[in-house]
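Chain residues, written in single-letter form:
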Amino acid sequence: MVYRKFSVGISLRILAITALLFLAVWLFLNQGLVLAPLLLGFAVLVMAGEMVYFVNSINQKLARFLDSIRFADFSSSFTSDSKMGTSFREVNKAFNEVMEVFKQTRAEKEEQMLFLQVIIQHINTGIISFNSEGKIGVINNAAKHLLQIPQFRNISDLGRLSPDLLKEVTEMKPSQRLSFKVNPSITLIIQSTSLKMGGQSWTLLSFQNINAELQSNELEAWQNLTKVLRHEIMNSITPISSLVESLRTIIDEDSYVQQEGFLIKKEGFQDIQEGLDTIANRSKGLVNFVNAYRDYTNIPQPKKELVSVPSLIENVCNLMREDLKSKEIFVQKEINPENLEIHCDADQITMILINLLKNSSESLLNQADRQIKIRAIGQGDLGSLIQIEDNGSGIVPEALERIFVPFYTTKKTGSGIGLAISRQIMNLHRGSLTVESEPGRRTVFSLNFR
């Protein structure tokens, strides 16, 4: 409607100017008049100027409206502009309505931003964002309280708390998660996320102190370990103590005092021999248990280097070839991409893979079709994955939750620390070792490297 009135206004002005020009020319040529054409010419100039002013006013109004939007200045009002006549009141009204919508939208966004800021400051998880230059964008009260750094303007200020923590944080990849012990009272779980905002790359870090949870888990772990130690020690000490009492009884009942010393009956002597053999075996078993505990608690820090996954898997298969061949087990290898590489301690990861292959081969003994799949997959920013899958007897759900507990085993022979050590090695690599199993169908152990 407004556009139509504007077009009509311009058209009428053009027609009026054209008519006045023709009339002036006609009066001058046909009537020989001079003054009248001059007056008409002056009128044409006035109308042309008025039309230019008319158009310029529209342009200025539009420019002022667009500038208000551009600079987010929604305080402007167009209702007082009445120089252009009543036909443009609708324009003023439309402009004001649009400005009001923008004003409400900005107010809503400011409210949402304020709400988000309140939430960020209220949560117990520490939040820090910094750009590619290290400049801090957002930091909440939880982060300040947790890190105990009063003036936190650049991510390099984190080095005042711990240079090692600063190094770990700056080297983190997107979606990576790591744990770091700052001091006896602070153990941090740190997660990283990357985003782009305002044409800049930003890194968002979340910090959470899990020291209380670790202490609780540590207490539970010590209680479980104490139960295991008590069980193993009692299993060895109780029969030894009982045998010692029995041997003393045998000596008392089956021995005779002679001038040269004591004389023991043959049957009693044989019982003593058997008892001493039993004591020796139980003592040896207890020593082996203690050695296994020592192995579990003395795993060295991994010496990481860039390792070719195909070469790593090929080396493991060569070491296990004869054992797998004797058990008629077929091994299938899948590696994608073919040149996949991971940062790891090759010797430690080889030990894990050998242990998993041995477990898989033992679970296949009662199967007619014996297959093991070794699968390696590169997942970009999510890291790399190595899986050992077999179609053996599987693991029952009750045992699935406990197979990584030290000294727990479902086999008649074995120390029960192989999987516990394997998981601990993966934790030292800042990765994880997980298992999925469908009894009677398949079992998959997954090594996740990040």
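Residues numbered from 1 in each chain as written. Predicted model: local features only at pLDDT ≥ 70, side-chain atom pairs only at ≥ 80, totals over all residues. Heavy atoms only, no water.

Colleague: Explain the pairing of strand β1 (residues 126-131) here, please?
Modeller: Consecutive residues of a regular strand have side chains that alternate between opposite faces of the sheet. Most of β1 sits out of view: six of its six residues are buried. What you see with β1 is no split at all: G126, I128 and F130 on one side and I127, S129 and N131 on the other are buried throughout. For β1 and strand β5 (residues 200-209), the ladder comprises six bridges, and the chain directions are antiparallel. Across the sheet, N131 pairs through a bridge with W202, a residue of β5. Relative to strand β2 (residues 136-139), β1 is paired through three bridges, and the arrangement is antiparallel. (Buried < 20%, exposed > 50% of the residue type's maximum accessible area, 1.4 Å probe, protein only. Helix = DSSP H or I, 4+ residues; strand = E, 2+ residues; numbered from the N terminus. Pairing = 2+ DSSP bridges.)

Colleague: Looking at this structure, I do not really get the sheet that holds strand β9 (residues 330-336). What am I missing?
Modeller: Hydrogen bonding along the main chain pairs the strands of a sheet, whether they run parallel or antiparallel. Pairing in this open sheet of five strands is mixed, and the strands run β9-β11-β12-β14-β13 from one edge to the other. Taken across any chain shown, the strands that pair with only one partner, and hence form the sheet edges, are β9 and β13 (432-438). If you compare each strand with its neighbour and ignore which way they point, the axes differ by 15° on average. Inspection of the sheet shows strand β11 (residues 371-378) paired to strand β12 (residues 384-390) by seven bridges, in the antiparallel sense. Its bridge partner being in β12, K373 is matched across the sheet by E389. (Axes fitted to C-alpha atoms, helices over the stretch in contact; angles between N-to-C directions.)

Colleague: Could you clarify how one ought to interpret the environment of Q379 in this entry?
Modeller: Mapped onto the elements, Q379 comes out in the loop between β11 and β12. Judged by its relative accessible area of 31%, Q379 is partly exposed. Ignoring anything within four residues of it in the chain, the contact list for Q379 reads S384 and L385. (Contact = heavy atoms within 4.5 Å.)

Colleague: I would appreciate a short explanation of the nonpolar core in the present structure.
Modeller: Soluble globular proteins: nonpolar side chains tend toward being buried together. Ranked by internal contacts, the top residues of the largest apolar core, which has 39 residues, are I349, F445 and L447. Element by element, the count of residues in this core is highest for helix α8 (residues 309-326), at seven residues. Apart from the residues within four sequence positions on either side, I349 is in contact with L312, C344, M426, H429, L447 and F449. Counting 23 residues, the second largest nonpolar core, distinct from the first, contains I139, A143, F152 and L166. (Core = buried A, V, L, I, M, F, W, Y, C linked by side-chain atoms within 4.5 Å.)

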